[in-house]
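Examination of the molecular architecture
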Amino acid sequence: MTFETIRIETDARGVARLTLALPQKHNALSARMIGELTEAAQQLSADRSVRVVILEGEGRSFCAGGDLGWMREQFDADRATRIAEATRLAMMFKALNEISKPVIGRLHGNAFGGGVGLMSICDAAVASADAKFGLTETRLGLIPATISPYVVARIGEGMARPLFMSARLFGAEEARALGLATTVVAADALDAKTAEVLKALTGNSPHAVAQAKALNAFIVETPDHAIAAAKAADEEAYRAALAAPHRSVLAVQSPAGAHYTAPALWTVAREELDVTVL
């Protein structure tokens, strides 16, 4: 597929750079970009030669949120069309979040609205110290609906509430404190730090890294599956897991002293999750 709003460049190491390429519009999410990012996410997940994805923006901004022209079209559209477009946007974020390879965000300039949503699907987010962030939807009479699952998963409900409602802007250090950015560096050190994070990820087993990412999704989205899997694997492990404070542990010790770690607890759940037990 030939892309018009994004680029994918993959080097010999298996590092794919997914670049938002509408610098004249601060990489705002248009209808075409939404479709192309969805296709790119699926393509990158399926490509076995890709080991790591770097998500970045061309020009002065990472992503300024939704394209104003596209948003105006939604205001004027009928309800069915608005639902269809919102669904397309939601599916784009879902596809990016489910890329089976590590995704590193290289963040600079502005990241507003949907740009914060893109940050939130990254497994690591390296931010320039002078970058600015904001969940600005309420200024436009909107709410951050499609990005909210990813933002809340990243920073927690308590942190998300005031940001969602106030629409205020904040800097890179606050983004790190919130958990949106994992690392903050000077603008001239952004590439070097991104390369450092990249090196740490590419030095590990690609299969194990993919499984580790799947494990996180498993814990966050379906914690009770750990209980069901434990019961099927071993009754003693089930009772130990049931007694755990948060009922989402993936490593327990049975009353008899035997340890049951992630592989044992995943015995049944793996079939539903389509992952491999190591």
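Reading guide: rules and limits
Residues numbered from 1 in each chain as written. Predicted model: local features only at pLDDT ≥ 70, side-chain atom pairs only at ≥ 80, totals over all residues. Heavy atoms only, no water. Helix = DSSP H or I, 4+ residues; strand = E, 2+ residues; numbered from the N terminus. Buried < 20%, exposed > 50% of the residue type's maximum accessible area, 1.4 Å probe, protein only. Lys, Arg positive; Asp, Glu negative; His and termini not counted. Salt bridge = Lys/Arg side-chain N within 4 Å of Asp/Glu carboxyl O. Polar contact = N/O pair within 3.5 Å; in protein donor to acceptor, adjacent residues only side chain to side chain. Axes fitted to C-alpha atoms, helices over the stretch in contact; angles between N-to-C directions. Parallel < 35°, antiparallel > 145°, perpendicular 65-115°, else oblique. Contact = heavy atoms within 4.5 Å. Nonpolar A, V, L, I, M, F, W, Y, C, P; charged D, E, K, R; others polar. Pairing = 2+ DSSP bridges. Arc of directions from axis to C-beta. pLDDT = per-residue confidence, 0-100. Right-handed = clockwise from strand over helix to strand, strands pointing away.

**Some remarks on the side chain of R154**
When you line up the elements, R154 lands in helix 5 (residues 148–155). One buried charge, R154, has no salt-bridge partner; the nearest side chain with opposite charge is D123, at 6.5 Å. Of note is the side chain of R154, whose polar atom sits 2.9 Å from the backbone oxygen of G179.

**Considering the packing of helix 5 against helix 6 (residues 157–166)**
Packing of helix 5 against helix 6 brings their axes to within 7 Å, and their N-to-C directions diverge by 130°. Judged by the inter-axis angle, helix 5 sits oblique to helix 6. Packed against helix 5, whose contacting residues are S148, V151, V152 and I155, the element helix 6 presents E157, M159, A160, L163 and F164 at the interface. Its residues placed into classes, the contact of helix 5 with helix 6 shows seven nonpolar, one polar and one charged.

**Structural notes on the sheet that holds strand 3 (residues 52–57)**
The strand order 1-2-3-4-6-9 describes an open sheet built from six strands, whose pairing is mixed. The sheet is open, and its two edges are formed by strand 1 (6–10) and strand 9 (183–185), each paired on a single side. Strand-to-strand, the axes of this sheet are offset by a mean angle of 20°, without reference to chain direction. With four bridges joining them, strand 4 (residues 103–107) and strand 6 (residues 124–128) adopt parallel strand pairing.

**Examining the pattern of salt bridges**
Tallied over the full model, the rule gives 13 salt bridges. One salt bridge in this structure joins R168 and E174, with 2.4 Å as the shortest N-O distance. A salt bridge links E173 to R176; its shortest N-O distance comes to 2.5 Å. Taken together, the residues span about one helical turn, with E173 and R176 both in helix 7 (residues 172–178) at a distance of three residues. Overall, R176 belongs to the partly exposed group, its relative accessible area being 34%.

**Description of helix 2 (residues 68–76)**
Along helix 2, the positions that sit buried rather than exposed are W70, M71 and Q74. Each buried residue of helix 2 sits inside an arc of 100° when the element is viewed along its axis, so together they form one side. Every exposed residue of helix 2 that faces more than 90 degrees away from the buried side is listed here: L68, R72, E73, F75 and D76. If you check the start of helix 2, you find a side-chain oxygen 3.1 Å away from the backbone N of G69, and it comes from D67.

**Let's talk about the environment of R17**
Looking at the secondary structure, you find R17 in strand 2 (residues 15–20). The contacts of R17, once residues within four sequence positions are left out, are R7, I8, E9, I54, E56 and R106. Side-chain polar atoms of R17 contact the side chain of E56, separated by 2.9 Å.

**Describing the sheet that holds strand 8 (residues 169–171)**
Strand order across the open sheet formed by three strands is 5-7-8, with mixed pairing between neighbours. Since the sheet does not close on itself, it has two edges, and those belong to strand 5 (110–112) and strand 8, each with one partner. For this sheet the average axis-to-axis angle between neighbouring strands, irrespective of direction, equals 20°. Pairing of strand 7 (residues 132–134) with strand 8, which is carried by three bridges, proceeds in the antiparallel orientation.

**Points about the confidence of the model for the protein**
Residues with a pLDDT of 70 or more make up 78% of the protein, whose mean pLDDT is 83. Ignoring residues within four places in sequence, the model shows residues 222–234, a span with pLDDT below 50, making 32 contacts including any to other chains.

**So, the pairing of strand 3**
Extensive coverage of strand 3 is indicated by the burial of six of its six residues. Across the two faces of strand 3 the burial is the same, with V52, I54 and E56 and V53, L55 and G57 all buried. With helix 1 (residues 31–46) bridging strand 2 and its parallel neighbour strand 3, the resulting β-α-β unit is right-handed. In this sheet, strand 4 lies alongside strand 3 in parallel orientation, the contact comprising four bridges. Residue L55 lies in a different strand from strand 4, and its bridge partner there is G105.

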